[in-house]
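Listed below, chain by chain, are the residues.
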Amino acid sequence: MKKLYILRHTKKEDEDLNIDDYDRNLSKEGIEEAEKIAKDFANKNLKIDLIVASPANRTRQTAEIFAKYLNYNKTVMLNDVLYMAFVNELLETISYTFDTIDSMMIVGHNPSLTALAVTLVGFKEKFQMGGTMEIDFDCDSWIDISKENAKLISYEVPK
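Now for a look at the structure at hand. (Residues numbered from 1 in each chain as written. Predicted model: local features only at pLDDT ≥ 70, side-chain atom pairs only at ≥ 80, totals over all residues. Heavy atoms only, no water.)

### Comments concerning the packing of aromatic side chains
Then comes step 1: Applying the stated rule across the entire model yields seven aromatic pairs.
Then comes step 2: Ring geometry for Tyr-22 against Tyr-83: centres 4.9 Å apart, planes inclined by 85°, an arrangement best described as edge-to-face. With Tyr-22 in the loop between strand S1 (2-8) and helix H1 (28-42) and Tyr-83 in the loop between strand S3 (77-78) and helix H3 (87-95), the pair connects residues that are 61 residues apart, well separated along the chain.
Then comes step 3: Here Tyr-22 falls in the partly exposed class, since its relative accessible area comes to 26%.
Then comes step 4: Taken together, a centroid distance of 6.4 Å and an interplanar angle of 65° make the contact between Phe-137 and Trp-142 edge-to-face.
Then comes step 5: Aromatic rings pair up to connect Tyr-5, Phe-41 and Phe-66 into one cluster. (Phe/Tyr/Trp six-rings, centres within 6.5 Å; stacked < 30°, edge-to-face > 60°. Helix = DSSP H or I, 4+ residues; strand = E, 2+ residues; numbered from the N terminus. Buried < 20%, exposed > 50% of the residue type's maximum accessible area, 1.4 Å probe, protein only.)

### Side note on the pairing of S1
Then comes step 1: Most of S1 is tucked away, with seven of its seven residues classed as buried.
Then comes step 2: Burial along S1 is two-sided: the residues Lys-2, Leu-4, Ile-6 and Arg-8 and Lys-3, Tyr-5 and Leu-7 are all buried.
Then comes step 3: Sheet topology note: the S1/strand S5 (residues 132-137) ladder contains six bridges and is antiparallel. Considered in S5, the bridge of Leu-7 is made with Thr-132. (Pairing = 2+ DSSP bridges.)

### Examining the nonpolar core
Then comes step 1: Of all hydrophobic cores here, the largest spans 45 residues; its most connected members are Leu-4, Ile-51, Met-104, Met-105 and Phe-137.
Then comes step 2: Residue contributions to this core peak at five residues, all from H1.
Then comes step 3: Excluding residues that lie within four positions of it along the chain, Met-105 makes contacts with Tyr-5, Leu-7, Phe-41, Ile-48, Leu-50, Ile-51, Val-52 and Phe-66. (Core = buried A, V, L, I, M, F, W, Y, C linked by side-chain atoms within 4.5 Å. Contact = heavy atoms within 4.5 Å.)

### What to know about the side chain of Glu-134
Then comes step 1: On the secondary structure map, Glu-134 appears in strand S5.
Then comes step 2: A residue is classified by how much of its surface remains accessible, and Glu-134, at 12% relative accessible area, is buried.
Then comes step 3: Side chain to side chain, Glu-134 and Lys-3 meet in a polar contact 2.6 Å long.
Then comes step 4: Not counting the four nearest positions on each side in its chain, Glu-134 is found in contact with Lys-3, Leu-4, Tyr-5, Lys-151, Leu-152, Ile-153 and Ser-154. (Polar contact = N/O pair within 3.5 Å; in protein donor to acceptor, adjacent residues only side chain to side chain.)

### Regarding the packing of H3 against helix H4 (residues 112-121)
Then comes step 1: Running from N to C, H3 and H4 cross one another at 70°; their axes reach a closest spacing of 9 Å. Considering the angle they form, H3 stands roughly perpendicular to H4. Residues Val-87, Leu-90, Leu-91 and Ile-94 of H3 form the contact with H4, whose participating residues are Ser-112, Leu-113, Ala-115, Leu-116, Thr-119 and Leu-120.
Then comes step 2: Residues that form the contact of H3 with H4 fall into these classes: eight nonpolar, two polar and no charged. (Axes fitted to C-alpha atoms, helices over the stretch in contact; angles between N-to-C directions. Parallel < 35°, antiparallel > 145°, perpendicular 65-115°, else oblique. Nonpolar A, V, L, I, M, F, W, Y, C, P; charged D, E, K, R; others polar.)

### Focus: the pattern of salt bridges
Any two side chains of opposite charge can pair, so long as their charged atoms come close to each other.
Then comes step 1: Scanning all chains against the criterion turns up eleven salt bridges.
Then comes step 2: For Asp-21, the salt bridge goes to Lys-12, with nearest N and O atoms at 3.8 Å.
Then comes step 3: Note that Lys-47 is salt-bridged to Asp-49, the shortest N-O span being 2.3 Å.
Then comes step 4: Overall, Asp-49 belongs to the buried group, its relative accessible area being 7%.
Then comes step 5: Where salt bridges share partners, they join Lys-12, Asp-21, Arg-24 and Arg-58 into one cluster. (Salt bridge = Lys/Arg side-chain N within 4 Å of Asp/Glu carboxyl O.)

### Focus on H1
Every α-helix winds through 3.6 residues per turn, so residues three or four apart in the chain are directed the same way.
Then comes step 1: The terminal C-alpha atoms of H1, which comprises 15 residues, lie 21 Å apart, in line with the 21 Å expected from a rise of 1.5 Å per residue.
Then comes step 2: Turning to H1, the residues buried within the fold contact S1, helix H2 (57-69), strand S4 (103-108) and S5. (Expected span 1.5 Å × (residues − 1).)

Below, the structure written as structure tokens:
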């Protein structure tokens with residue numbers, strides 16, 4: 001059994017023509033929201049073997065907040081592919097994960113995460129900022145994940 005958590009970053013700073021989108025940080029509200037979501041997530045006592053995030057500031061910050069609250073003592077893996085990714089690039093990133101990893105979290109952006117959720121579990125909504133999705137795969141290798149062996153366990157959005 002493989003488990004995938006998908007997390008979209010929380011609220012980002014307002015657009016500023018002098019700052020590239022890649023460099024936009026979480027807003028104060030976004031930081032507080034990420035901390036609340038991460039605390040709630042940590043209270044479920046879920047085990048995360050690997051956190052992979054887009055290196056854009058807001059996703060990196062969201063991933064680091066989750067790592068702190070989950071007592072994740074490893075390095076958050078930053079993957080350039082996750083910024084502005086096509087769904088096939090996300091699937092490839094997941095598929096090439098070592099099989100010693102049983103649960104992983106991907107922290108990224110829209111529209112990529114919505115496309116991933118549609119592809120894997122037929123999701124019919126837009127992936128909201130701060131949204132978290134849990135998917136179980138009935139397989140022993142990440143290379144074997146597919147819509148056929150995927151089961152949506154939960155999708156939660158900030159309240």
